[in-house]
2 protein chains.
Amino acid sequence: MSGGETQQTILDAVQAVIVRDGVRGASMRQVAEEADVSLGLISYHFDDKETLIVAAFERATARLREASEQSIEHVDDPEERVRAFLRSSFGEEFLDGDYLRLRISLWAVALTDPAIAAVDASFFEEYATALRGLITTARPDLDQGEIRGRSIDAIALTNGIWLNWARYRNADDLEIGLRRCEDIILGPPQQGTR
Amino acid sequence: MSGGETQQTILDAVQAVIVRDGVRGASMRQVAEEADVSLGLISYHFDDKETLIVAAFERATARLREASEQSIEHVDDPEERVRAFLRSSFGEEFLDGDYLRLRISLWAVALTDPAIAAVDASFFEEYATALRGLITTARPDLDQGEIRGRSIDAIALTNGIWLNWARYRNADDLEIGLRRCEDIILGPPQQGTR
DNA sequence: TCGACAACTGAACGATCGTTCAGTTGTCGC
DNA sequence: GCGACAACTGAACGATCGTTCAGTTGTCGA
């Protein structure tokens, strides 16, 4: 097998083990067994465990980034672009494949591991910037402060919906939440109930 | 020292270590050093590591539960009760004290540990039930389906705001998010932008 | 055919893990 | 003063961890 293929096989195994047993249970031996390779081969392809875990989270994040980019490629209507962008994170690939367990693990590890925090933060910044751009086009009447607030709230709600899905997998709650997300972004100014 | 006091000292140490190094770094020896007790004493008071971690998360969750209950004790106005309840999770105790790092670790561990998932789930159910009750009183015109949707969305947004706070600690974003939460719960029906 | 080299193996290493347990300390009632 | 008992200590255990490395396999170009 070529080196590149083997690396992907190993990263697949890392993801599978993290999803099943968490980062705590992701030992080099577990990964080797899951990937059906020898223990030494992992160290041959990756400098150490830290590098391996970071690479796995980076690849998982890249998949999400690509899905977001592709989702708006052939959509012209500005509001539809916002909706497509939001919903791209909730495609079958990311809901069925235990992908969110991986992301929640990432959030937790990022708290103590600077390298993984960087992976998380760079994606967050990129996602937020893209969302602000889409909102600006869809709702040119809003000022930048309002747009920033809406994008932050939408991302927060998105993460919360992810969390609830990982817990309970309730499709109705998911759809209601996504509608709410669209309303936050595209709806009228806040009511100011206070 | 009495047994009860020592147990609390040990649980304090567990929390401190998890906040600093994550659940991965929370070894019995680390906890013992942090609590300034011997290694054996931890096993004397707690059956095993699993029991210890669960007890720490249970106590942390209990603190949040108590704060939520107390927040509405002396508030009469129905809408103000909703606001107080929502904001009780964002008191100084929970924002300053690295408390949220603990909760995010809990979310991750709950994915693979049934006992901790039970701690998380029971609090979630309790919180959601209380919130639905408060919404019902504040907005008796809404039907149960709408109330359920609003409470789920509010909890999701709350968790997302927590996550963002743990990452960036931006007070403006926090306040904007909380206002949005209040709007979701107390505002007019959704616009239905689609 | 054969050297060169990337890909791969698995035993072995020291470190650290959770748990156990014989032994020590301190504090009571009697 | 003295047994009883809860509280506490730390050395020791086997298991598992990440990492290393001498050795094997397979595949090419010369």
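A. Structural context of the packing of helix α5 (residues 78–88) of chain B against helix α10 (residues 171–186) of chain B. Residues and elements named next belong to chain B. Where α5 meets α10, the axes come as close as 11 Å, and the angle between the chain directions of the two elements is 140°. As the angle between them shows, α5 and α10 are arranged oblique. At the point where α5 passes α10, the crossing takes the right-handed sense. Counting all contacts with α5, which are made through Glu79, Val82, Arg83, Leu86 and Arg87, the residues of α10 involved are Glu175, Leu178, Arg179, Cys181, Glu182, Ile185 and Leu186. Residues belonging to the contact of α5 with α10 are distributed by class as follows: six nonpolar, no polar and six charged.

B. Here's a closer look at the environment of glutamate 50 of chain B. Residues and elements named next belong to chain B. Tracing the backbone through its elements, the reader meets glutamate 50 in helix α4 (residues 49–71). On the basis of relative accessible area, glutamate 50 is assigned to the partly exposed category, the value being 36%. The spatial distance from the C-alpha of glutamate 50 to the C-alpha of aspartate 172 is 38 Å, given a sequence separation of 122 residues.

C. Structural detail: the relation of the copies chain B and chain A. Once chain B has been moved 0.0 Å along the axis and rotated by 180°, it coincides with chain A to within an RMSD of 0.0 Å. The superposition of one copy onto the other is thereby described by a two-fold rotation axis. The residues that chain B uses at the interface reappear at the interface of chain A in 100% of cases, marking a shared surface.

D. Structural detail: the side chain of threonine 158 of chain A. All names here are of chain A. For threonine 158, the position within the fold is in helix α9 (residues 144–168). A distance of 2.8 Å separates a polar atom in the side chain of threonine 158 from the backbone oxygen of alanine 154. If we ignore the near neighbours within four places in the chain, the residues touching threonine 158 are Leu86, Phe90 and Cys181.

E. Up close: the protein's contact with DNA strand D. Around DNA strand D lies a shell of 18 residues, among which Met28, Arg29, Asp48 and Lys49 of chain A together with Ser38 of chain B are the nearest. For DNA strand D, the fraction of atoms within 4 Å of the protein that belong to sugar or phosphate moieties is 57%. Between DNA strand D and methionine 28 of chain A there is a distance of 2.8 Å, counted from a phosphate oxygen to a backbone nitrogen or oxygen. Listing elements by their share of the surface near DNA strand D, those giving two or more residues are α2 (28–35) and α3 (39–45) of chain A together with α1 (3–21) and α3 (39–45) of chain B. Grouping the constituent residues of the surface near DNA strand D by class yields seven nonpolar, seven polar and four charged.

What counts, and where the lines are drawn
Residues numbered from 1 in each chain as written. Chains lettered and ligands numbered in written order. Predicted model: local features only at pLDDT ≥ 70, side-chain atom pairs only at ≥ 80, totals over all residues. Heavy atoms only, no water. Axes fitted to C-alpha atoms, helices over the stretch in contact; angles between N-to-C directions. Helix = DSSP H or I, 4+ residues; strand = E, 2+ residues; numbered from the N terminus. Parallel < 35°, antiparallel > 145°, perpendicular 65-115°, else oblique. Left-handed = near helix turned anticlockwise from the far one by under 90°. Contact = heavy atoms within 4.5 Å. Nonpolar A, V, L, I, M, F, W, Y, C, P; charged D, E, K, R; others polar. Buried < 20%, exposed > 50% of the residue type's maximum accessible area, 1.4 Å probe, protein only. Least-squares fit on C-alpha atoms with pLDDT ≥ 70 in both. Polar contact = N/O pair within 3.5 Å; in protein donor to acceptor, adjacent residues only side chain to side chain. Near = heavy atom within 4 Å.

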